[in-house]
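Here's the letter readout for the chains.
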Amino acid sequence: MKKIHKIVKNLIQKYDTTNPIELANHLGIIVKHKPYSQKTKGLYVKIFDSKFIIINCNLKKEDQEIILSHILGHSLLHFNNDTIFAWENSLFPQGIQENEANIFALELITNHNLLKSTNYQPTF
Ligand SMILES: [Zn+2]
């Protein structure tokens, strides 16, 4: 198991944001929204040196945030330079990599929601 808590903490400190869209942009990933069927949550695409995360805008706003954070987790933990295309079809799929991406999303969103809802300052 990778040290996901530490990875998320370092990202938030380095870029001074918990917003997954801002974090993606800092990491050179462009976030787009497109309407898909409910079955497709989102996808990751790499075209030459450009990386995109495309989120299904028909999903609930909160779900869009979770999916974006989840795919962002994959892009940092699992996708390498050979990955050019990956679909995200389920919110809670099985498997080690899926679990790790879910943990990444949970860590990020927990921090994000705490910051939004209170004057909470992350202490780590
Ligand atoms: Zn996944």
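These numbers were taken from a predicted model, which means no experiment stands behind them. (Residues numbered from 1 in each chain as written. Predicted model: local features only at pLDDT ≥ 70, side-chain atom pairs only at ≥ 80, totals over all residues.)

### With respect to the nonpolar core
Ranked by internal contacts, the top residues of the largest apolar core, which has 22 residues, are Ile53 and Leu68. At the level of secondary structure, the elements contributing two or more residues to this core comprise helix H1 (4–15), helix H2 (20–26), strand S1 (29–34), strand S2 (42–47), strand S3 (50–56), helix H3 (61–77) and helix H4 (96–117). Here this core gets five residues from one element, more than from any other, and that element is H3. Apart from residues lying up to four places away in sequence, isoleucine 53 is in contact with Ala24, Ile29, Val31, Gly42, Tyr44, Leu68, Ile71 and Leu72. (Core = buried A, V, L, I, M, F, W, Y, C linked by C-beta atoms within 7 Å. Buried ≥ 20, exposed ≤ 12 C-beta atoms within 10 Å, placed from the backbone. Helix = DSSP H or I, 4+ residues; strand = E, 2+ residues; numbered from the N terminus. Contact = placed C-beta atoms within 7 Å.)

### So, unusual backbone geometry
The phi dihedral of aspartate 16 is positive, around 55 degrees, even though this residue is not glycine. Of note, aspartate 16 is situated in the loop between H1 and H2. The exposure class of aspartate 16 is exposed, given the 9 C-beta atoms found within 10 Å. A positive phi angle, close to 50 degrees, is found at phenylalanine 48, a residue other than glycine. Mapped onto the elements, phenylalanine 48 comes out in the loop between S2 and S3.

### Points about the confidence of the model for the protein
The predicted structure's coordinates, where accompanied by low pLDDT, should not be read in detail. Per-residue pLDDT for the protein averages 89, and the proportion of residues at 70 or more is 88%. Mean pLDDT values over the elements of the protein span from 87, in H4, up to 97, in S1. (pLDDT = per-residue confidence, 0-100.)

### Side note on H3
Across its 17 residues, H3 extends 24 Å between first and last C-alpha, which sits within 8% of the 24 Å expected from 1.5 Å per residue. H3 sits mainly inside the fold: twelve of its 17 residues count as buried. Here H3 has its buried residues at Gln64, Glu65, Ile66, Ile67, Leu68, Ser69, His70, Ile71, Leu72, Gly73, His74 and Ser75. (Expected span 1.5 Å × (residues − 1).)

### Thoughts on the sheet that holds strand S4 (residues 85–88)
Strand order in the open sheet formed by four strands is S1-S3-S2-S4, and the pairing between neighbours is mixed. On the outer flanks of this sheet lie S1 and S4, each paired with one strand and no other. Averaged over all adjacent pairs, the angle separating strand axes in this sheet is 20 degrees, with direction ignored. Note that S1 and S3 share six bridges and pair parallel. Bridging across to S3, lysine 32 finds its partner in isoleucine 54. Sheet contacts for H3: S1, S2, S3 and S4; angle to S3, the most-contacted strand, approximately 150 degrees. (Pairing = 2+ DSSP bridges. Axes fitted to C-alpha atoms, helices over the stretch in contact; angles between N-to-C directions.)

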